[in-house]
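As a plain string of letters, each chain reads:
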Amino acid sequence: MQKSAMPAPSVDHLMDTPLSVLINELGVTLVDSTITDADFYGAVVQRKTGELLLTMPRDRSWLEHDTVARYLLAQAFGVNVPSMPAPLVTSFEGGVA
């Protein structure tokens with residue numbers, strides 16, 4: 001995944017802004033995932049147009065949804081945040097993380 005052309009938000013902005021506002025500001029499209037695997041926490045995909053899609057599983061707690069979404073956005077925009085605790089891992093395909 002390539003980084004978006006949108007400037008990276010600061011760590012404080014990424015963590016403190018209400019998620020719905022942050023997604024709107026960053027021009028990210030949030031979609032519900034149909035993946036039901038308990039080990040799937042979400043993904044960010046960059047379309048050929050440059051648009052970022054944040055796909056998150058349904059029926060997860062608010063805290064999990066919010067935390068994982070912010071972490072994935074940090075990764076997509078190259079914001080330096082600590083890694084998620086084991087066993088959670090992220091991987092990047094087709095571009096620079």
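Residues numbered from 1 in each chain as written. Predicted model: local features only at pLDDT ≥ 70, side-chain atom pairs only at ≥ 80, totals over all residues. Heavy atoms only, no water.

## Looking at the sheet that holds strand β3 (residues 52-57)
- Across the sheet, 3 strands lie side by side as β1-β3-β2; this open sheet has mixed pairing. Lying at the two open borders of the sheet, with one neighbouring strand each, are β1 (28-33) and β2 (43-46). Going across the sheet, the axis of each strand differs from the next one's by a mean of 25°, ignoring polarity.
- Taken together, the 4 bridges between β2 and β3 define a ladder with antiparallel strand orientation. Along β3, the bridge assignment pairs valine 44 with leucine 54.
- Those strands touched by helix α3 (residues 62-76) are β1, β2 and β3, and its axis lies near 155° from that of β3. (Pairing = 2+ DSSP bridges. Helix = DSSP H or I, 4+ residues; strand = E, 2+ residues; numbered from the N terminus. Axes fitted to C-alpha atoms, helices over the stretch in contact; angles between N-to-C directions. Contact = heavy atoms within 4.5 Å.)

## Observations regarding helix α2 (residues 19-26)
- When we look at burial in α2, the residues that qualify are Leu19, Leu22, Ile23 and Leu26. Looking down the long axis of α2, one finds its buried residues gathered within 100° of arc, a one-sided arrangement. Along α2, the residues that are exposed and aim more than 90 degrees away from the buried face are Ser20 and Asn24.
- Buried-residue contacts for α2 involve α1 (11-16), β1, β3 and α3.
- At the C-terminal side of α2, glycine 27 shows a positive phi close to 70°. (Buried < 20%, exposed > 50% of the residue type's maximum accessible area, 1.4 Å probe, protein only. Arc of directions from axis to C-beta.)

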